[in-house]
Amino acid sequence: MTLFKFKATTHAAHTAKIGKPVSWDTMEQLIDTPGNLKVKSVTTNWAAKLSGLLNIKDAQAKAAGIKDHDESIEITTHILKRPNQDFYLIDTGVSEQLLQDPKEAGVGWMLKKYGGVDSMNAQPSTESIIANESGNLKGVFLSHIHLDHVTGLPAIPKETPIYIGKNEADAQLTLNIIAQGTNNRMLAGRPALQELPFNQDINGTLTDVVDVFGDQMFFAIPTPGHTIGHISFLARTTDGPILFTGDVSHTRWGWDHGVEPGTFLADRVASKDSLKLLRDLSNRHPNMTVKLGHQE
Ligand SMILES: [Zn+2]
């Protein structure tokens, strides 16, 4: 049987107006020198099947006797503040408006029922997070376009730029049959998605990293696997480097043991490679704070 595949969204996307590719070495030589960014992470509680979040068929997981269950996790937004007080969000948390009127926010009934929206809470809501922050919200960085990373979008002003990884909007997945409509409705009336300008080799593999603001403070790292255009981020803060893995690892156990996500991924081999890439980076820079996709 042929399974039809659907893009994550058919919303327009073009190359971002910010960011320039730099080598991995350039980033790595800088990251232990404190920078000028400040980061605050805000979480709300959620739950999901562990077998989706973690490969429980992995030999290490089996040996540890790990069984499937509803795992307590978090939906997170990170506030990234620049010295001029402009701030950005990395992923979007949960919007109050979305929970009060999912239909109005664009969430179809299938996704509401089976996508876990019914068990989400907005405490605190993305609306309140933005309202309580001094300075202006200048943009949103999405690690990838999955529901639990775009659930804060209804709280984001329509004109705010949204930055994603290369090819993320076009990433084709059978699962997108239920997600595409919701993603499109949440993005309706917004400017084209801005794909950060990663370099690509002749095989189409993304190389290097992107210096997002052009001041060597904030880097986007291509980490495909969970989705095709998934990206992770590295911020040089006043307190040292912070790595935002996104859903390269949802769980603390998966990160600590080097075990990739379970059924929630597009490409298992790429997912394992991306996890190894980030764990090796973390091992070379032991003072780096690591923020995972869904657990502290
Ligand atoms: Zn996620």
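All chains use their own residue numbering, which begins from 1 and follows the written sequence. pLDDT decides what is reported in this predicted model: residues at 70 or higher carry local features, side-chain atom pairs at 80 or more are listed and counted, and totals for whole chains, interfaces and linings draw on all residues regardless. Water and hydrogen atoms play no part in the side-chain values, which are based on all heavy atoms of the structure.

### Here's the deal with the overall build of the protein chain
Part 1: Think of it this way: any DSSP run of H or I at least four residues long counts as a helix, any run of E at least two long counts as a strand, and we number them from the N terminus. When helices and strands are counted, the protein chain shows eleven helices and 17 strands.
Part 2: Across the 296 residues that make up the protein chain, the buried fraction comes to 54%.
Part 3: When checking whether two residues touch, look at their non-hydrogen atoms; a contact exists if any pair is within 4.5 Å. Within the protein chain, residue pairs in contact and separated by at least 24 positions form 73% of the contacts whose partners lie at least 6 positions apart.
Part 4: Only four residue types enter the tally: Lys and Arg on the positive side, Asp and Glu on the negative side; His and the chain ends are excluded. Charge coordinates come from a single atom per side chain, which is NZ of Lys, CZ of Arg, CG of Asp or CD of Glu. Separation of charge centres in the protein chain, based on 28 positive and 33 negative side chains, amounts to 3 Å. The buried label applies to any residue whose accessible area, calculated with a 1.4 Å probe on protein chains only, is under 20% of its type's maximum; exposed applies above 50%, and partly exposed to all values in between.

### Some points on the nonpolar core
Part 1: Among the nonpolar cores identified, the biggest contains 40 residues, and L89, I145 and I162 are the most heavily contacted of them.
Part 2: In this view, I162 contacts V140, L142, L153, L187, R190, L193 and Q194; residues no more than four positions away in its chain are not counted.
Part 3: With 20 residues, the next largest nonpolar core counts L37, Y163, V210 and A235 among its residues. Buried Ala, Val, Leu, Ile, Met, Phe, Trp, Tyr and Cys residues form a nonpolar core when they are joined through side-chain atoms within 4.5 Å.

### Digging into the coordination of the zinc ion
Part 1: Ligating atoms shown are N, O and S within 2.8 Å of the metal, or 3.2 Å for Na, K and Ca, and water is not included, meaning a site may look less than complete. With distances of 2.0 to 2.2 Å, the protein atoms coordinating the zinc ion are D148 (OD), H149 (NE2), D247 (OD) and H294 (NE2).
Part 2: Every geometry call rests on angle ranges, with four donors termed tetrahedral when all angles are between 85 and 135 degrees, four termed square planar and six termed octahedral when opposite donors are over 155 degrees apart and all others are between 65 and 115, and everything else termed irregular. In this structure, the zinc ion is surrounded by four donor atoms whose angles at the metal cover 80 to 170 degrees, and the resulting shape is irregular.
Part 3: Here the donor residues for the zinc ion map to a single chain with the spacing D-H-x97-D-x46-H. Residue D148 is located in helix α8 (residues 147–150), and its partner H294 is located in the segment after β17 (289–292); the two are separated by 146 residues in the primary sequence. Accessibility classification places D148 together with H294 in one group, the buried group.

### Here's the deal with the packing of aromatic side chains
Part 1: The criterion for an aromatic pair is that two Phe, Tyr or Trp rings (for Trp, the six-membered ring) have centres within 6.5 Å, with stacked assigned to planes under 30 degrees apart, edge-to-face to planes over 60 apart and tilted to the rest. A full pass over the atoms with the stated rule returns eight aromatic pairs.
Part 2: Between the aromatic rings of F213 and F218, the centroid separation amounts to 5.6 Å while the plane-to-plane angle is 25 degrees, which identifies the pairing as stacked. Accessibility assignment for this pair places F213 and F218 in one class, buried.
Part 3: Taken together through their ring pairs, the aromatic side chains of Y88, F141, Y163, F213, F218 and F233 make up a single cluster.

### Concerning helix α11 (residues 268–284)
In an α-helix there are 3.6 residues to a turn, and that puts residues three or four apart on one side.
Part 1: One less than the number of residues in a helix, times 1.5 Å, gives the span that helix is expected to have. For α11, spanning 17 residues, the distance from its first C-alpha to its last is 24 Å, which sits close to the expected 24 Å at 1.5 Å a residue.
Part 2: Any pair of N or O atoms that falls within 3.5 Å is considered a polar contact. Within protein, one atom must be able to donate a hydrogen and the other to accept it, and sequence-neighbouring residues count only if both atoms are side-chain atoms. N-cap assignment for α11: the residue whose side-chain oxygen lies 3.1 Å from the backbone N of V269 is D267.

### Comments concerning unusual backbone geometry
Across the chain, the bulk of peptide bonds are trans and the bulk of non-glycine residues have phi less than zero.
Part 1: P124 follows Q123 through a cis peptide bond whose omega is 0 degrees.
Part 2: By secondary structure assignment, the location of P124 is in the loop between α6 (109–114) and α7 (126–131).
Part 3: Despite not being glycine, D91 shows a phi value in the positive range, around 55 degrees.
Part 4: Among the secondary structure elements, D91 is positioned in the loop between β6 (87–90) and α4 (96–100).
Part 5: Accessibility expressed as a relative area gives 6% for D91, which makes it buried.
Part 6: A positive phi angle is found at D208, which is not glycine, with a value near 60 degrees.
Part 7: Assignment of secondary structure puts D208 in the loop between β12 (206–207) and β13 (209–211).

### Quick word on the sheet that holds β17
Part 1: When DSSP finds two or more bridges between a pair of strands, those strands are recorded as paired. The six strands lie next to each other as β3-β13-β14-β15-β16-β17, forming an open sheet whose pairing is mixed. Of all strands in the sheet, those bounded by a partner on one side alone are β3 (20–22) and β17. Neighbour-to-neighbour, the strand axes of this sheet turn through a mean angle of 25 degrees, independent of strand direction.
Part 2: In this analysis an axis means a line fitted to C-alpha atoms, helices contributing only their contacting stretch, and an angle means the value between N-to-C directions, from 0 to 180 degrees. Against the sheet, α11 touches β14 (218–222), β15 (231–237), β16 (240–246) and β17, its axis set at about 140 degrees to β14.

### Re the sheet that holds strand β2 (residues 13–15)
Part 1: Strand order across the open sheet formed by seven strands is β2-β10-β8-β7-β6-β5-β4, with mixed pairing between neighbours. Because the sheet does not close on itself, it has two edges, and the strands there are β2 and β4 (38–49). Neighbour-to-neighbour, the strand axes of this sheet turn through a mean angle of 25 degrees, independent of strand direction.
Part 2: With twelve bridges joining them, β4 and strand β5 (residues 70–81) adopt antiparallel strand pairing. Bridge pairing links V39 to L80 in β5.

### Let's talk about the pattern of salt bridges
Part 1: Criterion for a salt bridge: a side-chain nitrogen of Lys or Arg within 4 Å of a carboxyl oxygen of Asp or Glu. This structure, assessed with the given rule, holds ten salt bridges.
Part 2: Between E133 and K40 there is a salt bridge, and its shortest N-O distance comes to 3.0 Å. Residue E133 is located in the loop between α7 and β7 (137–141), and its partner K40 is located in strand β4; the two are separated by 93 residues in the primary sequence.
Part 3: Using a relative accessible area of 12% as the deciding quantity, one classes E133 as buried.
Part 4: Looking at K40, the relative accessible area reads 45%, which means it is partly exposed.
Part 5: Salt-bridge contacts for D256 lead to R252; the nearest nitrogen and oxygen are separated by 3.8 Å.

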